[in-house]
Amino acid sequence: MIELNTVTKRYGSLTAVDIVSFTVTAGECFALLGPNGAGKTTIVKMLLDFTRPTAGSLSIRGIPTTDPACRASIGYLPENHHIPSSLSGWRYLLRCAELLDMSRSDAADQCGRIVKLIGMQGREHAPAGTYSKGMIQRFGLGAALVGDPKLLILDEPTSGLDPIGIRETRLLLESLKEQGMTIFLNSHLLSEVEKLCDTAAIINRGALLVKDAISAIVRDGDTLEDVFVRLVKG
Amino acid sequence: MPKTFPSVARIARHTLLDEVRQKSFIVMFAVCALCVFLVRGCYHGDYMVNGQHVDAGVIVRAVSKVTFHIIGAGVMVITALLSMRIFRRDRNDGTQSCVLSKPIARRQYVAGKIVGVWVVSLLFMFVLHGIVFLVTSLSLRDFMPEYLAASLLCSVNLLFVVVAVLLLSLLMPDIVAFLCVLGIGVVSFVVDGISAVSHSQMAQAMMRQSGAAPHSDLTWWKVVYYAWPKLLGIQQSATSLLGSDPFQGLGSLYPFINVLLYCLVLSAALFRRFGKEDIG
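In this report, the structure presented in the accompanying data block is examined.

Quick look at the packing of helix 7 (residues 145-171) of chain B against helix 8 (residues 174-198) of chain B now. Residues and elements named next belong to chain B. Contact pair helix 7 / helix 8: the axes reach a minimum separation of 8 Å and the direction vectors enclose 140°. The angle between the axes of helix 7 and helix 8 places the two elements in the oblique class. Two packed elements cross with a definite hand, and for helix 7 against helix 8 that hand is right-handed. In this structure, helix 7 contributes Phe 160, Val 161, Ala 164, Val 165, Leu 168 and Ser 169 to the contact, and helix 8 contributes Asp 174, Ala 177, Cys 180, Val 181 and Ile 184. Among the residues forming the contact of helix 7 with helix 8, the class breakdown is 9 nonpolar, 1 polar and 1 charged.

Given below as structure tokens:
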């Protein structure tokens with residue numbers, strides 16, 4: 001589903017991503033982990049062609065990420081999600097559906113289902129300016145689900161959510177995973193990642209430290225957090 | 001993958017709706033419409049030149065023509081103000097990453113933005129010109145549809161402003177981009193204005209009296225003069241439709257060719273520059 005082939009990204013003298021290669025297979029729930037500034041968001045941006053690699057190549061479903069067609073079945077939630085304050089959550093979801101060429105009736109049907117799925121019934125018509133950060137994040141997740149994507153790319157999906165919201169998001173992602181959706185997750189919440197994901201990669205200062213099944217990364221008696229700290233601190 | 005044209009049209013429609021939902025836009029439009037409507041007060045005066053009454057029809061036509069130019073120039077400034085924050089606003093409110101995470105190419109997004117802002121500005125100007133048209137038509141009891149056609153011709157200037165400001169806003173702070181395009185417009189109006197005055201009958205007569213011979217050789221400033229965006233030239237050519245200025249053949253077409261060429265070159269540079277931008 002996703003393939004990174006010796007990808008390097010430099011910003012001047014700073015190497016944000018340093019010769020990283022890995023693959024994520026269809027139906028996999030994958031977590032990209034690393035401390036702040038490790039290069040996680042840069043990899044996500046390169047997957048979406050928001051920025052181009054200095055060297056190497058990326059592809060999704062065999063299509064180079066530079067081709068907009070590769071984004072045909074991707075849902076994306078950015079790290080700091082925003083909704084234009086002049087729109088309501090409902091209008092925002094409809095707008096996302098319109099951009100995917102959906103008819104008005106199909107868009108309304110699907111947005112209705114998504115509003116229920118993200119638990120925002122009754123608030124969907126309020127202006128986005130009145131939403132809390134957690135509510136905006138939920139609508140962001142909803143927007144990522146518009147168009148029934150095959151691949152979800154989520155950059156800190158639980159950012160701004162309270163513990164109940166975090167749990168609900170995990171349960172929602174678990175149900176999507178059971179439906180066969182591929183999930184590419186970027187998160188700092190290691191305990192949630194451990195519960196949800198099948199595989200993980202840990203990067204630090206742009207370099208890939210490990211990429212394996214979580215069960216193989218986490219040894220007996222350890223937690224993902226222990227392994228993460230050990231690897232990152234060297 | 002969504003087809004090219006519908007994607008551009010949708011992004012343009014979203015841009016248009018986002019603009020007209022802004023309170024500042026509505027207030028600005030209401031103030032401009034009110035000011036233009038108040039121009040009708042000029043139509044009812046008793047004007048005398050050299051002790052002779054001037055025909056009301058002449059006054060109405062002259063005032064409506066001046067108003068036409070003022071609206072054309074004013075809406076260019078408003079268009080520059082609207083365009084300068086388009087990319088920054090989209091970046092800040094997440095619209096850019098939302099749109100470009102869909103199977104939509106960057107060139108479609110940029111084209112949608114250009115069309116959206118251009119159509120908003122065009123409608124803004126067309127409605128203001130429409131008010132003058134109505135007031136003038138009612139005062140003269142004579143409809144002048146060419147007034148509206150002239151307004152549409154002036155929309156080429158707005159396209160230039162949109163593309164220029166969008167491009168410059170990627171290269172420099174928004175306010176500097178606005179001021180640069182404003183400067184280009186001011187120079188165009190001053191230079192074309194001086195040229196128009198120097199070619200007037202009165203100026204020609206004064207030159208003949210003083211014995212000054214007009215220079216016909218090609219100098220560097222003439223090259224700059226002809227190559228500079230002919231924004232006032234377009235407005236002058238458009239007002240030739242109003243009957244008072246004669247249509248001057250290729251001379252009237254040159255400003256359109258000049259500004260359209262600028263639009264093409266700047267658009268190409270804008271698409272190329274935005275293609276290299278980091279999103280998000």
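Still to come is the rest of the account.
Contacts between chain A and chain B engage 28 residues on the former and 28 residues on the latter. A buried area of about 2400 Å², summed over both sides, lies between chain A and chain B, and 53% of it is on carbon and sulfur atoms. Contact with chain B buries surface across chain A, with Phe 50, Arg 95 and Leu 99 of chain A losing the most and accounting together for 30% of the total. Inspection of the region where chain A meets chain B yields 3 salt bridges. For the salt bridge of Arg 13 of chain B with Glu 98 of chain A, the shortest nitrogen-to-oxygen distance reads 2.5 Å.

What follows concerns unusual backbone geometry. What is expected of a backbone is that most residues other than glycine have negative phi and most peptide bonds are trans. Residues and elements named next belong to chain A. A positive phi angle, near 70°, is found at Asp 101, a position not held by glycine. Position of Asp 101 among the secondary structure elements: in the loop between helix 2 (89-99) and helix 3 (104-117). Looking at Asp 101, the relative accessible area reads 32%, which means it is partly exposed. Even without being a glycine, Glu 156 presents a positive backbone phi close to 50°.

Attention now goes to the packing of aromatic side chains. Summed over the entire model, instances satisfying the criterion amount to 13 aromatic pairs over all chains. For the pair Phe 50 of chain A and Tyr 76 of chain A, a centre-to-centre distance of 5.7 Å together with 80° between the ring planes defines the contact as edge-to-face. Linking Phe 50 of chain A in the loop between helix 1 (40-47) and strand 4 (55-60) with Tyr 76 of chain A in strand 6 (residues 74-77), this pair joins segments that are 26 residues apart in sequence. Accessibility expressed as a relative area gives 11% for Tyr 76 of chain A, which makes it buried. Both rings, one in Tyr 131 of chain A and one in Phe 139 of chain A, keep their centres 5.1 Å apart while their planes meet at 15°; by these two values the pair is stacked. A relative accessible area of 0% places Phe 139 of chain A in the buried class. The structure contains a cluster of three or more aromatic residues connected by ring pairs, namely Phe 22, Phe 30 and Phe 184 of chain A. If you follow Lys 230 of chain B out to its NZ or CZ, it ends over the ring of Tyr 225 of chain B, 3.5 Å from the centre.

Another point: the sheet that holds strand 7 (residues 151-155) of chain A. Residues and elements named next belong to chain A. Taken in spatial order, the 6 strands make up an open sheet running 6-7-8-3-9-10, and their pairing is mixed. The strands lining the two open edges of the sheet, one partner per strand, are strand 6 and strand 10 (207-213). Neighbour to neighbour, the strand axes of the sheet diverge by 15° on average, direction disregarded. Alignment of strand 9 (residues 199-204) against strand 10, held across 6 bridges, turns out to be antiparallel. Paired with Asn 204 across the two strands is Ala 207, which belongs to strand 10.

The next subject is the nonpolar core. As a rule of thumb, nonpolar side chains are buried together in soluble globular proteins. Leu 4, Ile 43, Ile 153 and Phe 184 of chain A together with Phe 87, Leu 128 and Leu 270 of chain B are the most contacted members of the largest nonpolar core, which has 94 residues in total. Here the element with the most residues in this core is helix 7 of chain B; it accounts for 16 residues. With near-sequence residues (within four places) excluded, Leu 4 of chain A lies in contact with Val 20, Ser 21, Phe 22, Ile 43, Leu 47, Ser 57 and Leu 58 of chain A. Counting residues in hydrophobic clusters, the runner-up holds 52 residues, among them Tyr 131, Ala 143 and Leu 185 of chain A together with Cys 98 of chain B.

Residue and element names in this part refer to chain A. Pairing is antiparallel across the open sheet formed by 4 strands, whose spatial order is 2-1-4-5. Looking along the sheet, the strands with just one partner apiece sit at the ends: strand 2 (14-24) and strand 5 (63-64). With 5 bridges joining them, strand 1 (residues 2-11) and strand 4 adopt antiparallel strand pairing. Looking at strand 4, one finds that Ile 2 is bridged to Ile 60. Packing against the sheet, helix 1 makes contact with strand 1, strand 2 and strand 4, and its axis sits at approximately 115° to strand 1.

So, on to the pattern of salt bridges. Side chains that differ in sign of charge can pair as their charged atoms come close. Following the criterion strictly, the structure yields 18 salt bridges over all chains and no others. With a closest N to O distance of 4.0 Å, Glu 192 of chain A and Lys 195 of chain A form a salt bridge. With Glu 192 of chain A and Lys 195 of chain A both in helix 6 (residues 190-196) and 3 residues apart, the pair spans about one turn of that helix. On the accessibility criterion, Glu 192 of chain A (16% relative accessible area) is buried. The partner of Arg 21 of chain B in a salt bridge is Asp 18 of chain B, with the nearest N and O atoms 4.0 Å apart.

Calculation notes
Residues numbered from 1 in each chain as written. Chains lettered and ligands numbered in written order. Predicted model: local features only at pLDDT ≥ 70, side-chain atom pairs only at ≥ 80, totals over all residues. Heavy atoms only, no water. Axes fitted to C-alpha atoms, helices over the stretch in contact; angles between N-to-C directions. Helix = DSSP H or I, 4+ residues; strand = E, 2+ residues; numbered from the N terminus. Parallel < 35°, antiparallel > 145°, perpendicular 65-115°, else oblique. Left-handed = near helix turned anticlockwise from the far one by under 90°. Contact = heavy atoms within 4.5 Å. Nonpolar A, V, L, I, M, F, W, Y, C, P; charged D, E, K, R; others polar. Buried area = accessible area lost by both parts, 1.4 Å probe. Salt bridge = Lys/Arg side-chain N within 4 Å of Asp/Glu carboxyl O. Buried < 20%, exposed > 50% of the residue type's maximum accessible area, 1.4 Å probe, protein only. Phe/Tyr/Trp six-rings, centres within 6.5 Å; stacked < 30°, edge-to-face > 60°. Lys NZ or Arg CZ within 6 Å of the ring centre and 35° of its normal. Pairing = 2+ DSSP bridges. Core = buried A, V, L, I, M, F, W, Y, C linked by side-chain atoms within 4.5 Å.

The analysis is restricted to geometry; functional conclusions fall outside its scope.
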